[in-house]
Amino acid sequence: EGVPGGAGPGEATVRAHWLELPETSATDGLDFFYRSCSIDGKALRNYSFYWDYSNRVSHWVAYPLCSVYMGNSGRSEAWGYDPFLPAAKQSNVSGGFREGDNGWYTRGHPIPSADAHAPQLPPPPPPANEILNATTFYSTNITPQDNDFNGGVWATLEGRVRAWANSSDTLYVVTGCVTDGAKHYVLDRSNNKVTVPAAYFKAVLRYSKNSTLGNSGFMAAAFWYNHDSYPNTFSKNESMSIATLEEKLGYKLFVNLDEVVGEDVANAIKSEKPATVSWWW
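So, a few notes on the structure that sits alongside this text. (Residues numbered from 1 in each chain as written. Predicted model: local features only at pLDDT ≥ 70, side-chain atom pairs only at ≥ 80, totals over all residues. Heavy atoms only, no water.)

## Overview of the sheet that holds strand 10 (residues 218-226)
Okay, step 1: Spatially, the 7 strands line up as an open sheet ordered 1-2-3-6-9-10-11, and their pairing is antiparallel. Each edge of the sheet is formed by a strand with only one pairing partner; in this case those strands are strand 1 (31-39) and strand 11 (239-240).
Okay, step 2: In this fold helix 4 (residues 242-249) packs onto strand 6 (170-178), strand 9 (199-207), strand 10 and strand 11, with an angle of close to 40 degrees to the strand it touches most, strand 10. (Pairing = 2+ DSSP bridges. Helix = DSSP H or I, 4+ residues; strand = E, 2+ residues; numbered from the N terminus. Contact = heavy atoms within 4.5 Å. Axes fitted to C-alpha atoms, helices over the stretch in contact; angles between N-to-C directions.)

## Looking at the nonpolar core
Okay, step 1: Counting residues in each nonpolar core, the largest one holds 48 residues, and the members touching the most others are L65, Y69, L157, V161, W164, V204 and Y225.
Okay, step 2: If you list the elements that add at least two residues to this core, you get strand 1, strand 2 (42-52), strand 3 (57-65), helix 3 (153-166), strand 6, strand 8 (193-196), strand 9 and strand 10.
Okay, step 3: Broken down by element, the residue count for this core peaks at 6 residues, all from helix 3.
Okay, step 4: Other than its neighbours up to four places away in sequence, W164 contacts L157, L171, V204, F223, F234, W279 and W280. (Core = buried A, V, L, I, M, F, W, Y, C linked by side-chain atoms within 4.5 Å. Buried < 20%, exposed > 50% of the residue type's maximum accessible area, 1.4 Å probe, protein only.)

## Points about the side chain of T143
Okay, step 1: Looking at the element boundaries, T143 is found in strand 5 (residues 143-145).
Okay, step 2: Judged by its relative accessible area of 2%, T143 falls in the buried class.
Okay, step 3: Of note is the side chain of T143, whose polar atom sits 2.7 Å from the side chain of Y200.
Okay, step 4: With near-sequence residues (within four places) excluded, T143 lies in contact with V57, F97, T106, R107, G108, P110, C177, P197 and Y200. (Polar contact = N/O pair within 3.5 Å; in protein donor to acceptor, adjacent residues only side chain to side chain.)

## A word on the packing of aromatic side chains
Okay, step 1: Applying the stated rule across the entire model yields 20 aromatic pairs.
Okay, step 2: On the numbers, 6.1 Å between centres and 55 degrees between planes, the contact of F32 with W60 is tilted. Here F32 is found in strand 1, whereas its partner W60 is found in strand 3, with 28 residues between them in sequence.
Okay, step 3: A ring pair is formed by W164 and F223, whose centres lie 6.1 Å apart and whose planes are at 15 degrees; its orientation type is stacked. Here the residue W164 occupies a position in helix 3, and F223 occupies one in strand 10, the gap between them amounting to 59 residues.
Okay, step 4: Residue classification places F223 among the buried residues on the basis of a relative accessible area of 1%.
Okay, step 5: In this structure an aromatic cluster arises from ring pairing among W18, F32, Y34, Y50 and W60.
Okay, step 6: When the ring centre of F84 is taken as origin, the NZ or CZ atom of R35, which lies over that ring, is 4.1 Å away.
Okay, step 7: A cation sits over an aromatic face here: R107 above W79, 3.6 Å from the ring centre. (Phe/Tyr/Trp six-rings, centres within 6.5 Å; stacked < 30°, edge-to-face > 60°. Lys NZ or Arg CZ within 6 Å of the ring centre and 35° of its normal.)

## Focus on the pattern of salt bridges
Okay, step 1: Tallying each qualifying case throughout the model produces 5 salt bridges.
Okay, step 2: A salt bridge links R35 to D82, with the shortest nitrogen-to-oxygen separation between them at 2.9 Å. Taken together, the positions of R35 in strand 1 and D82 in the loop between strand 3 and strand 4 (106-108) put the pair 47 residues apart, joining distant regions of the chain.
Okay, step 3: For R35, a relative accessible area of 0% translates into the label buried.
Okay, step 4: Taking the shortest distance from any N to any O, the salt bridge between D115 and R162 comes out at 2.8 Å. Here D115, found in the loop between strand 4 and helix 1 (132-135), pairs with R162, found in helix 3; they are 47 residues apart in sequence, far enough to count as distant.
Okay, step 5: By relative accessible area, D115 is classed as buried at 2%. (Salt bridge = Lys/Arg side-chain N within 4 Å of Asp/Glu carboxyl O.)

## Some remarks on the pairing of strand 9
Okay, step 1: Counting buried residues along strand 9, 8 of its 9 residues qualify, which places the element largely inside the surrounding structure.
Okay, step 2: The sheet contact formed by strand 6 and strand 9 spans 9 bridges and is antiparallel. What sits directly across from T175, in strand 9, is K202.
Okay, step 3: With 9 bridges connecting them, strand 9 and strand 10 associate as antiparallel partners. Bridging from a neighbouring strand, Y200 pairs with Y225 of strand 10.

## Section: the environment of W164
Okay, step 1: Residue classification places W164 among the buried positions, given a relative accessible area of 3%.
Okay, step 2: As a C-alpha pair, W164 and W280 span 116 residues in sequence and 7.6 Å in three-dimensional space.
Okay, step 3: Of note is the side chain of W164, whose polar atom sits 3.2 Å from the backbone oxygen of W280.

## Regarding empty space enclosed by the protein
Okay, step 1: Tallied over the entire structure, the rule returns 2 cavities of 30 Å³ or more.
Okay, step 2: In this structure, the largest cavity encloses a volume near 50 Å³.
Okay, step 3: Every residue lining the largest cavity is listed: S58, H59, H109, P110, T143, Q145, W154, T175, G176, C177 and Y200.
Okay, step 4: Listing elements by their share of the lining of the largest cavity, those giving two or more residues are strand 3, strand 5 and strand 6.
Okay, step 5: When residues of the lining of the largest cavity are assigned to their parent elements, the largest contribution, 3 residues, is made by strand 6.
Okay, step 6: When its residues are assigned to classes, the lining of the largest cavity shows 4 nonpolar, 7 polar and no charged.
Okay, step 7: The volume enclosed by the second largest cavity comes to roughly 30 Å³.
Okay, step 8: For the second largest cavity, the full set of lining residues is N46, Y63, P64, L65, Y69, I111 and D115.
Okay, step 9: For the lining of the second largest cavity, the element with the highest residue contribution is strand 3, accounting for 3 residues.
Okay, step 10: The residue inventory of the lining of the second largest cavity, partitioned by class, reads 5 nonpolar, 1 polar and 1 charged. (1 Å grid on protein atoms, 1.4 Å probe; cavity = no way out; pocket = protein on both sides within 12 Å on 5 of 7 lines; lining within 4 Å. Points joined across faces, edges and corners; volume = space filled by probe spheres on them. Nonpolar A, V, L, I, M, F, W, Y, C, P; charged D, E, K, R; others polar.)

So, in structure tokens, the structure goes:
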């Protein structure tokens with residue numbers, strides 16, 4: 001772990017125990033990367049991302065979330081380039097985005113800073129010497145977001161995800177954006193165009209070995225928002241099944257779940273409507 005990995009055939013499915021990973025493709029021009037970290041002397045995976053060079057955003061960022069990753073280290077504010085990629089192939093996010101063809105957008109984090117606050121002292125040896133929170137400020141984890149969206153319903157959902165994680169053994173999280181149909185762009189600090197996504201989504205797969213809910217200890221929920229301003233509210237009416245989100249996206253989420261629980265159980269987990277499960281609410 002801790003090094004980039006190209007999205008060759010089967011690249012994601014090789015890691016059969018990484019339940020957070022979506023499907024990848026060898027022909028879509030995107031590249032899969034993953035990074036690791038060390039917490040309390042233990043090597044752990046940090047997050048994976050699927051990089052779109054032409055739009056300069058990650059189509060998704062995927063990671064496991066539990067209490068070990070969350071702590072009190074605080075925000076590093078270390079806005080900068082991702083060392084996995086040449087600077088010319090990513091965005092210069094230091095200082096924020098410049099206005100593009102539709103005004104100003106804030107810097108949104110697919111994996112929120114608050115999901116990576118575990119203290120790392122002293123720093124671990126390479127290749128895990130990236131400070132956990134600082135990696136959430138790399139350009140590959142930044143997308144242009146409407147400020148009201150970012151600080152409104154999206155922030156509320158992010159807080160809910162952390163609460164779900166605190167009540168689970170592990171919560172596997174995928175946060176992504178949709179560039180198909182995107183109409184606007186911003187400029188980065190080097191005057192490169194960065195696509196403003198048309199929509200955002202979040203999918204979570206909960207595992208609790210002692211739970212009587214769900215199937216084989218798993219249950220899941222998904223959310224999709226067109227990129228617009230929303231009230232700072234959140235309700236079950238905004239949720240959908242993983243299967244429904246997969247249909248909207250056109251690719252498979254939690255691609256390795258079949259290997260863990262079998263295809264039939266995986267389909268049942270993905271088809272369950274979270275609005276009907278009181279635990280989420």
